[in-house]
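# Observations on the three-dimensional arrangement
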Amino acid sequence: PPIVSLRLGSTLSADDIKEGDDVYFECHVQANPPWRKLHWLHDGVMITHNATARVIRSNQSLVLQKVTRNSSGNYSCSAINAEGETVSNQLALRVKYAPVCATDRIIIVGAFRSESLQIPCEVHADPPPRQFNWKFNNSGETLKIGKERYVKNGSISLLNYVPVSDQDYGTLTCWGQNEVGTQDWPCFFQVVLAGLPSAVKNCSINNQTQHSVEVQCLPGYDGGLPQIFILEVISSRTGRVRYNVTNPDEPYFLVESLENLIHYGGAYDDIADDNPLKAIIYAVNQKGRSQGIVVKDFYLESTVENRAGVLTSNSLDSISPILFGVLLTLLVLCFVIFVRVYYIKATATSTTITNVSNDLVSNSKQGNNKQDTLA
């Protein structure tokens, strides 16, 4: 089988490869008979020739043009001849790169006036950043923030910030620097005057059935921050939360399996104390939750009939075959007795009617005879 070894290009230094550099590998093969097929692997996945992606295979060489951080990993090659296949040693490729933001979106930070904030700026970099810089910008000016107001902890910089007046609300930017270079695009933080969200309003019940119900409300003011909405079904007596659901977009909720909410007894023997149930809706943002709004038309309580139905259903499931046979026998006996009594009553009634009819006929004949005699 082939004897295979992998080496980094002779003109390259493994410790000094940065994003944008060109890298090539050489796969050395000794084989008898000669190798007939050669494969390249990146973290165990086969590499194919792709000029668009700047991956070029040429004979026993692999060229990676303008490498990125995603090019990092373990590389190997394998050769095949008539005697078998051999995989080479693994060669680790490290691609250094300047810092980039851990998130590519603007982060909104809500704050009350005179509220002390700690704003974390996290970046990805190899090697880790050696320093950070912060700036503040509002509609009127751009200010550089002094280094005494933030600290570095690995790949994170923590800024202590306290907005006091309206002029302190605006955009904060942060960027890092390492031996490769300075961050091209800073991380953005939008500091806004914020508070708790307002309560939802105009809640209504729609499409209510025995099994589900829809609850729809209108959102209130978000407090200056993105908000989500939470519905909780709780016991009116005990305050125990029996069900909750979150909607990140709007105050609309579909509450399903109502029968389970009413009759569920799983972990509680005192489930009767949980009824009736009511629904409360909250709006929640970064600062906390709004006042809870009770949905007026939402009211769940297990009635006597429902409890009896559930008890019968559950009881039948737990009845033993012998007890079931005894009950069935009693039912049959009751039916036979009922039929027998009914038959006896029917027979007695028929006999009475016949006797009365015969008496009437006899009395009629006697009357006729008396009339004939008188005549």
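The rules behind the values
- Residues numbered from 1 in each chain as written.
- Predicted model: local features only at pLDDT ≥ 70, side-chain atom pairs only at ≥ 80, totals over all residues.
- Heavy atoms only, no water.
- Helix = DSSP H or I, 4+ residues; strand = E, 2+ residues; numbered from the N terminus.
- Buried < 20%, exposed > 50% of the residue type's maximum accessible area, 1.4 Å probe, protein only.
- Contact = heavy atoms within 4.5 Å.
- Areas by Shrake-Rupley, 256 points an atom, 1.4 Å probe, with all protein chains shown as cover.
- Salt bridge = Lys/Arg side-chain N within 4 Å of Asp/Glu carboxyl O.
- Disulfide = S-S within 2.5 Å.
- Phe/Tyr/Trp six-rings, centres within 6.5 Å; stacked < 30°, edge-to-face > 60°.
- Pairing = 2+ DSSP bridges.
- Axes fitted to C-alpha atoms, helices over the stretch in contact; angles between N-to-C directions.

### With respect to the overall build of the protein chain
Broken down by element type, the protein chain carries 3 helices and 26 strands. Residue burial in the protein chain is summarised as follows: out of 375 residues, 32% are buried. Taking all contacts inside the protein chain whose residues are at least 6 apart in sequence as the whole, residues at least 24 apart take part in 63%. Accessible area of the protein chain: about 23,000 Å², with a carbon and sulfur share of 54%.

### A word on the pattern of salt bridges
Applying the stated criterion across every chain yields a total of 7 salt bridges. The salt bridge involving Lys-18 is made with Asp-16; its shortest N-O contact spans 3.8 Å. According to the relative accessible area criterion, Lys-18 is partly exposed, its value standing at 28%. For Asp-16, a relative accessible area of 46% gives the class partly exposed. A salt bridge links Lys-287 to Glu-115, with the nearest nitrogen and oxygen atoms 2.6 Å apart. Taken together, the residues Lys-287 in the loop between β24 (277-285) and β25 (288-289) and Glu-115 in the loop between β11 (107-111) and β12 (117-126) connect sequence positions 172 residues apart.

### A short note on the state of the cysteines
Per the counting criterion, the structure on display carries 4 disulfides. Taking only the cysteines that form disulfides and numbering them from first to last, the protein chain has the pattern 1-2, 3-6, 4-5, 7-8.

### So, the packing of aromatic side chains
For the structure on display, the rule yields 4 aromatic pairs. With a centroid separation of 4.8 Å and an interplanar angle of 25°, the aromatic rings of Phe-25 and Tyr-75 are classed as stacked. Of the two residues, Phe-25 is situated in strand β2 (residues 23-30) and Tyr-75 in strand β7 (residues 73-81); the sequence distance between them amounts to 50 residues. Pair check on accessibility: Phe-25 and Tyr-75 agree, each one buried.

### A closer look at the sheet that holds strand β20 (residues 212-218)
A sheet is described by the order of its strands in space; here 3 strands give the open sequence β19-β20-β23, paired in antiparallel fashion. Two strands in the sheet have a free side with no partner beyond their single neighbour: β19 (201-206) and β23 (252-256). Shown here is a sheet whose adjacent strand axes are inclined to one another by a mean of 20°, direction ignored. Note that β20 and β23 share 5 bridges and pair antiparallel. By the bridge assignment, Glu-214 is partnered in β23 with Leu-254.

### A look at the sheet that holds β12
Spatially, the 4 strands line up as an open sheet ordered β10-β12-β16-β15, and their pairing is antiparallel. A strand with exactly one partner marks an edge of an open sheet, and here the two such strands are β10 (97-101) and β15 (150-153). For this sheet, the mean angle separating the axes of adjacent strands, direction not counted, is 25°.

### What to know about the pairing of β19
The sheet contact formed by β19 and β20 spans 4 bridges and is antiparallel. Each bridged residue has a counterpart across the sheet, and for Lys-201 the counterpart in β20 is Leu-218. Remark: 5 residues form the turn of the hairpin made by β19 and β20, two consecutive strands paired antiparallel; Asn-207 in that turn has positive phi of roughly 50°.

### Points about the environment of Tyr-97
Summarising the element assignment, Tyr-97 is placed in strand β10. Linking Tyr-97 and Asn-178, residues 81 residues apart in sequence, is a C-alpha distance of 8.5 Å. Leave out the neighbours within four places in its chain, and Tyr-97 touches Glu-19, Arg-69, His-124, Ala-125, Asp-126, Asn-178 and Val-180.

### With respect to the environment of Trp-185
On the secondary structure map, Trp-185 appears in the loop between β17 (171-177) and β18 (187-193). Between the alpha carbons of Trp-185 and Pro-99 there is a distance of 9.1 Å; along the sequence they are 86 residues apart.

### Examining the side chain of Ser-290
As for its placement among the helices and strands, Ser-290 is situated in the loop between β25 and β26 (293-294). Each residue touching Ser-290, except ones within four places of it in the same chain, is listed here: Pro-197, Ser-198, Ala-199, Tyr-282 and Ala-283.

### As for unusual backbone geometry
Residue Pro-33 is bonded to the preceding Asn-32 through a cis peptide linkage, with omega at 5°. Counting through the fold element by element, Pro-33 comes out in the loop between β2 and β3 (37-42). Geometrically, the link from Asp-126 to Pro-127 is a cis peptide bond, its omega value of 0° lying close to zero. For Arg-54, which is not glycine, the phi dihedral falls at a positive 65°. Looking at the element boundaries, Arg-54 is found in the loop between β4 (45-46) and β5 (55-58). One non-glycine residue with positive phi stands out, namely Asn-202, at about 55°.

### Description of the pairing of β17
On any regular strand, side chains alternate: one points to one face of the sheet, the next to the other face. Most of β17 sits out of view: 6 of its 7 residues are buried. For β17 and β18, the ladder comprises 4 bridges, and the chain directions are antiparallel. From the neighbouring strand, Leu-172 faces β18, where its bridge partner is Phe-189.

So yeah, pure geometry; function would need other evidence.
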